[in-house]
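What follows is the residue order along each chain.
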Amino acid sequence: MKKVVDKSILGQVWTVATYPGEDDGYIQPDNLVQKILTSRGVTDMAAMDKFLNPSIKEYMPNPSELCDMDTAVAIIADSILRNEKIAIYGDYDVDGITSTAIFVKYLRALGTDVVWHLPTREGEGYGLNISAIDEIADGGAKLIITVDCGISGVAEVEHARQRGMRVVVTDHHSPDSVLPHADAVINPKRADDKSGLQYLAGVGVAFLTLVALRRELRGRDLSPEMAQRVADTDLMDYLDLVALGTICDTMPLVGLNRAFVATGLRVLGLRKNLGLRTLMDVAGIKKPSVYAAGFAIGPRLNAAGRLDSAAPALELLLTDNPLIANSLAQQLHQMNQERIDIQNAIMLSAGDMAKKCCDNGHCSLFVCGDNWHGGVMGIIAGRLKDKYNLPACVATRIDGVINGSGRSITGVDLGKIIHDALAAGIVSEGGGHAAAAGFSLAVENEARFCEFLEQAVRDQLNGRIPHKEIVADAEMDAGGATLKLVNKLRALEPFGQGNPEPTLILHGATLRFATTMGHGAHVRGAVTTSAGTQLAFVGFNLAGAPVGNFLLDEANANTKIMMLGKLKENEFNGRVSAQFFIEDIAV
């Protein structure tokens, strides 16, 4: 690694991967894609070709490699052929909603009597609960299939079995030391699972279960009608939902996930799913992309579960009625705006509290308010973490109980801190991983938790000041940032977790002009490159921030700058050109 900038306008350190044979560390545009792949561990030509051409055929494993898969699909097939009622139990986030949707759609296509349940975030909380299981049992279901949940529901699974139901668990969350005593437990994170598919989302696990189920049914002695239904149902049509759940659960876009998303975005572009098609129209999405899925479609589907029940989101994905689809899409669009309004209102108060923490020299942020909406705690924690580069926990205080979410920075394992707080009796419930965690505690433990969090963060930092370091994929002359290079970089798509869009450092740029756009929130302008060409740039939400203030100051015109960000295509009035999305600058 090579340090390029010690302190940028945002106070960040810029480093870049170094590649043998490149003069001064600069990457020649023609070599950029190969160099980026090499730095990401894709080294030989065969692996590069597979990476650049992701297909389901190339990446699809034998589903039987997953523990309990064959047992699970035999149970499900038996239930289908006995015409039993089957219940699908999901989760209220996009991964859980899409997992539920593909299972319900497939079983309905086979003519199965299927019901579904999604818990409410505020009322029931995540995972299985006894009252819902009783309701399902009372409704006559003989089999419960969990999707994107169930791995921690030891007591609930046992209760379902006592009520006379069989249980198949499909999940991707990390299991506890004791697995639920279900009839089958499919989870690539099981200690005894050797499939190597630990990176799958819940919807990915559910899809592989459907692939195995279809194979199982094809091997059975089916009636002509059922055989025709199995033959007529194309699982590839569900890959738009698989891609959506994978993206929104921020799973790494490597291996099979990469094929799921690449193929799923193409299926999404065919606009076969009425609900998704309608939601895309309402949201103004013309072209499917990872960004559109993660920042436009996903938040609208998530809004229902954040504010109330996720049922409208699932109903939208399942409906074949255009009038119902339009009504539900409009409802989700409005709920998302309501979520944004709630989030922004809380963010004002949370931001003031966080600033006081920083002014007092804290290494962690803990902010808590009365009756804040629990559905936006994680989003606000993430924003505060990004703004201050400190671990942030945001919580709501309701009826003597504090419930919150936290997001952390590199070098601080927040999941361990919450686990230790649970062991110390400070929090009553909690869990997570290094980057994110959730927790609950009694109000009388609030000050104790705040002190525990601060000390634990200080201990992990061990005297280090958390400077944010940006690792760029390459540095190059701004003259090479052309539309031709944009098209070359497209070969690396889809971008996302585990395969981020390349971050570039551009040298040899002279600020030409800058102005605001988007009601004064954003910045656009142009630089002149050392090659004498002009490169347009845009910076979202930079107006009023240090980078935007520098660019907009007329006194800085004709100043040489280095730019850090992403190179993308811009289409305006029928003209396509390269545009640089600025994230930071240095002078």
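Cut-offs applied
Residue positions are given per chain, counted from 1 along the sequence in the order it is written. Only residues with pLDDT of at least 70 get local features here, since the model is predicted, and only at 80 or more are side-chain atom pairs given and counted; chain-wide, interface and lining totals rely on the full set of residues. With hydrogens and water stripped out, all remaining heavy atoms of the structure feed into the side-chain values. Every helix listed is a DSSP run of H or I at least four residues long, and every strand listed is a run of E at least two residues long, numbered separately from the N terminus. Our radius of gyration is a C-alpha quantity, and the globule rule it is checked against amounts to 2.2 Å times the number of residues to the power 0.38. Using a 1.4 Å probe, accessible areas were evaluated by the Shrake-Rupley method; residue-level cover was limited to the displayed protein chains. In summary, the charge assignment counts Lys and Arg as positive and Asp and Glu as negative, without counting His or the chain termini. A single reference atom marks each charge: NZ on Lys, CZ on Arg, CG on Asp, CD on Glu. Axis geometry follows a simple rule: fit a line to the C-alpha atoms, using only the stretch in contact for helices, then measure angles between N-to-C directions, giving values from 0 to 180 degrees. In this scheme, roughly parallel covers angles under 35 degrees and roughly antiparallel covers those over 145, while 65 to 115 is roughly perpendicular and the rest are oblique. Only heavy atoms matter for contacts: two residues are in contact if any of them lie within 4.5 Å across the pair. Residues are grouped as follows: Ala, Val, Leu, Ile, Met, Phe, Trp, Tyr, Cys and Pro are nonpolar; Asp, Glu, Lys and Arg are charged; every other residue, Gly included, is polar. At least two DSSP bridges between two strands are required for those strands to pair. What counts as a salt bridge is simple: a side-chain nitrogen of Lys or Arg found within 4 Å of a carboxyl oxygen of Asp or Glu. Working definition: with a 1.4 Å probe on protein chains only, accessible area under 20% of the residue-type maximum means buried, over 50% means exposed, and in between means partly exposed. Stacked, tilted and edge-to-face are the three classes applied to pairs of Phe, Tyr and Trp rings, where Trp contributes its six-membered ring and a pair requires centres within 6.5 Å; stacked means planes under 30 degrees apart, edge-to-face means over 60, and tilted covers the rest. Charges are assigned to positions over rings by a cutoff of 6 Å between ring centre and Lys NZ or Arg CZ, combined with an angular limit of 35 degrees from the ring normal. Handedness of a helix crossing follows the sense of rotation of the near helix relative to the far helix, less than a right angle counterclockwise being left-handed and clockwise being right-handed. Crossovers are marked right-handed if the path from the first strand over the helix to the second runs clockwise, as seen with the strands pointing away from the viewer. What counts as a disulfide here is a pair of cysteine sulfur atoms lying within 2.5 Å. For this analysis, a polar contact is any N or O atom pair within 3.5 Å, provided that within protein one partner can donate a hydrogen and the other can accept it, and provided that sequence-adjacent residues contribute only side-chain to side-chain pairs.

1. Re the overall build of the chain
Thought 1: Across its full length, the chain carries 20 helices and 19 strands.
Thought 2: In terms of C-alpha radius of gyration, the chain reaches 25 Å, essentially the compact-globule figure of 25 Å for 587 residues.
Thought 3: Its C-alpha atoms put the chain at 75 × 60 × 45 Å along the principal axes.
Thought 4: Accessible area of the chain: about 25,600 Å², with a carbon and sulfur share of 49%.
Thought 5: For the chain, the distance from the average site of its 55 positive side-chain charges to the average site of its 69 negative ones is 5 Å.

2. A closer look at the packing of helix 1 (residues 32-39) against helix 2 (residues 45-52)
Thought 1: Their axes nearest at 11 Å, the elements helix 1 and helix 2 cross at an angle of 105°. Judged by the inter-axis angle, helix 1 sits roughly perpendicular to helix 2. Of the residues in helix 2, those touching helix 1 at Val33, Gln34, Leu37 and Thr38 are Met48, Phe51 and Leu52.
Thought 2: Taken together, the residues of the contact of helix 1 with helix 2 sort by class into 5 nonpolar, 2 polar and no charged.

3. A closer look at the sheet that holds strand 12 (residues 436-442)
Thought 1: Spatially, 8-9-10-12-11 is the arrangement adopted by the 5 strands of the open sheet, whose pairing is mixed. At either end of the open sheet lies a strand with only one pairing partner, and these are strand 8 (365-370) and strand 11 (429-432). Across the sheet, the mean angle separating the axes of adjacent strands is 15° when strand polarity is ignored.

4. With respect to the pattern of salt bridges
Thought 1: Using the criterion set out here, one finds 26 salt bridges in the structure.
Thought 2: Glu569 is the partner of Arg490 in a salt bridge, and the nearest nitrogen-oxygen pair spans 2.5 Å. With Arg490 in the loop between helix 19 (483-489) and strand 15 (504-517) and Glu569 in strand 18 (residues 560-572), this residue pair connects regions lying 79 residues apart in the sequence.
Thought 3: On the basis of relative accessibility, which here comes to 34%, the residue Glu569 falls in the partly exposed class.
Thought 4: Here the salt bridges share partners, and the residues they tie into one network are Asp68, Arg190 and Asp192.

5. What about the sheet that holds strand 6 (residues 166-170)?
Each strand in a sheet pairs with its neighbour through backbone hydrogen bonds, running either in the same direction (parallel) or in the opposite one (antiparallel).
Thought 1: Across the sheet, 5 strands lie side by side as 4-3-5-6-7; this open sheet has parallel pairing. Each edge of the open sheet carries a strand with a single partner, namely strand 4 (114-117) and strand 7 (184-186). Put simply, the sheet's adjacent strands are angled 15° from each other on average, direction ignored.

6. Describing unusual backbone geometry
Thought 1: The step from Glu493 to Pro494 runs through a cis peptide bond, and the omega angle for that step is 0°.
Thought 2: With respect to the secondary-structure elements, Pro494 resides in the loop between helix 19 and strand 15.
Thought 3: Positive phi, normally seen in glycine, also occurs at His519, with a value near 60°.
Thought 4: When you line up the elements, His519 lands in the loop between strand 15 and strand 16 (522-529).
Thought 5: Among the residues examined, His519 registers a relative accessible area of 92% and is labelled exposed.

7. What to know about the packing of aromatic side chains
Thought 1: One pass over the structure, following the stated rule, counts 5 aromatic pairs.
Thought 2: Taking the centre distance of 5.4 Å and the plane angle of 70° together, the rings of Phe366 and Phe449 count as edge-to-face. One end of the pair, Phe366, is in strand 8; the other, Phe449, is in helix 18 (residues 446-461), with 83 residues separating them in the sequence.
Thought 3: Accessibility expressed as a relative area gives 9% for Phe366, which makes it buried.
Thought 4: Three or more aromatic residues link up through ring pairs in this structure, and these residues are Phe366, Phe439 and Phe449.
Thought 5: Taking NZ or CZ as reference, Lys50 lies 4.6 Å from the ring centre of Tyr59, over its face.
Thought 6: We note Lys568 situated over the ring of Phe581; from NZ or CZ to the ring centre the distance is 5.2 Å.

8. Quick look at the packing of helix 14 (residues 311-318) against helix 15 (residues 322-359)
Thought 1: It is the contact of helix 14 with helix 15, at a shortest axis distance of 9 Å, that shows an interaxial angle of 145°. Seen from above, helix 14 lies across helix 15 with left-handed handedness. Two secondary-structure elements touch here, helix 14 through Pro312, Ala313, Glu315 and Leu316 and helix 15 through Ala325, Leu328, Ala329, Gln331 and Leu332.
Thought 2: Looking at the contact of helix 14 with helix 15 residue by residue, the classes come out as 7 nonpolar, 1 polar and 1 charged.

9. Observations concerning the pairing of strand 5 (residues 143-147)
Thought 1: The element strand 5 is extensively covered by neighbouring structure, given that 5 of its 5 residues are classed as buried.
Thought 2: Burial along strand 5 is two-sided: the face carrying Leu143, Ile145 and Val147 and the face carrying Ile144 and Thr146 are both buried.
Thought 3: A crossover links strand 5 with its parallel partner strand 6, the connecting element being helix 7 (residues 154-162), and its sense is right-handed.

10. Observations concerning the environment of Leu274
Thought 1: As for its position among the elements, Leu274 is in helix 12 (residues 274-283).
Thought 2: The exposure class assigned to Leu274 is buried, which follows from its relative accessible area of 12%.
Thought 3: When the C-alpha atoms of Leu274 and Leu567 are compared, they prove to be 33 Å apart, with 293 residues separating the residues in sequence.
Thought 4: Residues in contact with Leu274, not counting those within four places in the same chain, are Thr319, Asp320, Asn321, Pro322 and Ala325.

11. Describing the environment of Leu461
Thought 1: Here Leu461 lies in helix 18.
Thought 2: Separated by 49 residues in sequence, Leu461 and Val412 place their C-alpha atoms 6.9 Å apart.
Thought 3: Setting aside residues up to four positions removed in sequence, Leu461 forms contacts with Cys363, Val412 and Pro466.

12. Some thoughts on the state of the cysteines
Thought 1: Summed over all chains, the structure comprises 0 disulfides.
Thought 2: Free of any disulfide, Cys358 has its nearest cysteine sulfur in Cys357, 6.8 Å distant.

13. Looking at the side chain of Thr170
Thought 1: Mapped onto the secondary structure, Thr170 falls in strand 6.
Thought 2: Classification of Thr170 by relative accessible area gives buried; the value is 0%.
Thought 3: Polar contacts involving the side chain of Thr170 include one to the main-chain carbonyl oxygen of Thr146, which spans 2.6 Å.
Thought 4: Discounting residues that sit within four places of it in the chain, Thr170 has contacts with Ile145, Thr146, Val147, Asp148, Cys149, Ile186, Val205 and Thr209.

14. Digging into the side chain of Arg339
Thought 1: Along the polypeptide, Arg339 turns up in helix 15.
Thought 2: Buried within the structure, Arg339 lacks any salt-bridge partner; Asp341 is the closest side chain of opposite charge, at an N-O distance of 9.3 Å.
Thought 3: A distance of 2.8 Å separates a polar atom in the side chain of Arg339 from a polar atom in the side chain of Asn336.
Thought 4: Those residues within four positions of Arg339 in sequence are excluded, and the remaining contacts are Pro299, Arg306, Leu307, Val376 and Ile379.

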